[in-house]
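Structural features, examined
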Amino acid sequence: MRKKKRVGILTAGGDCPGLNGVIRAVAKKLIIEQNAEIIGIKDGYEGIINNKYKTLSYRDVSGILTLGGTILGTSNIANPYKYAVKEKGKLKFKDMSKKVIQNVKRLKLDCLVCIGGDGTLAIASKLAKDGIPVIGVPKTIDNDIKGTDVTFGFNSAVTIATEAIDRIHTTAESHHRVMVVEVMGRTAGWIALYAGIAGGGDIILLPEMPYDINGIAEVVKERNRRGKKFSIIVISEGAKPKGGKVVVQKMVKESTIQARLGGISFMLVDQLEKITGLGSRAVVLGHLQRGGSPTPFDRILATRLGTKAADMIKRRKFGSMVAVKGDSLKEISLQKVATGARTVPRNHSMIQAGRSVGTYFGD
Ligand code: F6P
């Protein structure tokens, strides 16, 4: 009798809507077609380092498609190659990759599916190099993973941010205010660009295009002169003024990338009020953008990516990631992914479309 395939699944990095859809798709397809055993690794790489896991039955992965978050838990700190430990009150980083290799062997995993963003996939790429059979599935609200046109989670975040901008619109208009809505995205402005265009933002500020504060003030004043007594500014958390710096909200010492961005909107509001004399307020959407149920688009994408990943496991395409290219799904080497963020090109067609309807991009 052929031995049953055993597949481990982990979700790592910041959570986002759609993670459960991928877990469900990978597990269901492998159970239905191969009677495989599915091992859910808890809390991302933390679980594979410290042996935290649970067996997932067909029943466990049923009814989770519409659920936000991840049934497995996650961590955006645990990195097997740079694992933070406290020794005598001091923070140290240890290489725990050998332990990961041991645990993969001990659990008799034929494959480890790593669902995550660029950090998670960079680690997956290293694990692949170290001989672990891994398959990557790209996720992030930031939509900044190289090699794929889109990531699941992004559409849900844009939907949430757009709804927030719509709501801000009415209060901005009532109070004749400048309202600044800050969205996530780290070094990539995709959420700000998409939600800004969808929400009819008057000014959209991206990390990729440092802004001119006087230019922004002029646009706001000009709108005022034309009788538009309010303005909506959508700003990415990673945006910065020309010649200036990003605003770091906090440093997470245990994390591989330590800086957590946030708060640029408050700085902008203070400056704008001083220059224009107009009442201004800032709203930081923050983790709201990662919460709740995935949109239909993300549920479908998660199902497509998850079933494709299961198919890649069957064909032993280890060391690769499933990626979206136009209408189809492709397999690309994890090595190509592990090279930084995919940012918004300055000549992106949506920036051009925005400019054509009078949107100012701060440049
Ligand atoms: O990468 C996803 C993301 O939500 C970014 O947009 C944001 O900068 C970061 O994670 C926030 O991280 P944390 O959950 O650690 O605050």
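Here the structure is a predicted model, which is why all the values come from computation and not from measurement. (Residues numbered from 1 in each chain as written. Predicted model: local features only at pLDDT ≥ 70, side-chain atom pairs only at ≥ 80, totals over all residues. Heavy atoms only, no water.)

1. Observations regarding the sheet that holds strand E14 (residues 320-325)
Taken in spatial order, the seven strands make up an open sheet running E3-E2-E1-E6-E7-E14-E15, and their pairing is mixed. Two strands bound the open sheet, and with one partner strand each, they are strand E3 (53-56) and strand E15 (328-333). Shown here is a sheet whose adjacent strand axes are inclined to one another by a mean of 25°, direction ignored. Contacts between helix H9 (residues 296-314) and the sheet are confined to strand E1 (6-11), strand E6 (111-116), strand E7 (134-138), E14 and E15, with E14 contributing the most and set at about 140° to the helix. (Pairing = 2+ DSSP bridges. Helix = DSSP H or I, 4+ residues; strand = E, 2+ residues; numbered from the N terminus. Axes fitted to C-alpha atoms, helices over the stretch in contact; angles between N-to-C directions. Contact = heavy atoms within 4.5 Å.)

2. Describing helix H5 (residues 154-175)
The end-to-end C-alpha distance of H5, which contains 22 residues, comes to 31 Å, matching closely the 32 Å that a straight helix rising 1.5 Å per residue would cover. Of all the positions in H5, only Phe 154, Ser 156, Ala 157, Val 158, Ala 161, Thr 162, Ala 164, Ile 165, Ile 168 and Ala 172 are classed as buried. On its buried face, H5 is in contact with strand E8 (178-183), helix H6 (190-198), strand E10 (231-236), strand E13 (280-284) and H9. Positive backbone phi, approximately 55°, marks His 176, located one or two places after H5. (Expected span 1.5 Å × (residues − 1). Buried < 20%, exposed > 50% of the residue type's maximum accessible area, 1.4 Å probe, protein only.)

3. Here's the deal with the site of the ligand
Around the ligand sit Asn 76, Ile 141, Asp 142, Met 184, Gly 185, Arg 186, Glu 237, Arg 260, His 287 and Arg 290, and that is every residue in its neighbourhood. In the model, an oxygen atom of the ligand is placed 2.7 Å from a nitrogen or oxygen of the Asp 142 side chain. Arg 260 is positioned with one of its side-chain polar atoms (N or O) 2.6 Å from an oxygen atom of the ligand. Residue-level mapping places the shell around the ligand at the junction of two domains, with at least three residues from each of domain 1 (6-152 + 294-337) and domain 2 (156-290). (Near = heavy atom within 4 Å. Polar contact = N/O pair within 3.5 Å; in protein donor to acceptor, adjacent residues only side chain to side chain. Domains from an automatic or database assignment.)

4. So, the pairing of E8
Burial within E8 is extensive, with six of its six residues counted as buried. Here E8 shows no split at all, with Val 178, Val 180 and Glu 182 on one side and Met 179, Val 181 and Val 183 on the other all buried. Bridging between E8 and E13 involves five bridges; their strand directions are parallel. Across the sheet, residue Val 181 finds its bridge partner in E13, namely Val 283.

5. With respect to the domain arrangement of the chain
Interfaces are often sized by the amount of accessible area the parts lose when they come together. Under the domain assignment, the chain is made up of domain 1 (6-152 + 294-337) and domain 2 (156-290). Each of domain 1 and domain 2 has a C-alpha centre, and the two are 32 Å apart. Contact with domain 1, which involves 19 residues of that partner, is made by 17 residues of domain 2. For the pair domain 1 and domain 2, the two sides together bury roughly 1600 Å², of which 49% comes from carbon and sulfur. Counting the surface domain 1 buries against domain 2, the share from its top three residues, Ile 77, Ile 141 and Asp 142, is 34%. Where domain 1 packs against domain 2, one counts four salt bridges. Between Asp 118 and Arg 186 there is a salt bridge whose closest N-O contact spans 3.1 Å. Counting across the interface, domain 1 meets domain 2 through nine residue pairs in polar contact (both at pLDDT 80 or more). Here the side of domain 1 that touches domain 2 is composed, by residue class, of eight nonpolar, five polar and six charged. (Buried area = accessible area lost by both parts, 1.4 Å probe. Salt bridge = Lys/Arg side-chain N within 4 Å of Asp/Glu carboxyl O. Nonpolar A, V, L, I, M, F, W, Y, C, P; charged D, E, K, R; others polar.)

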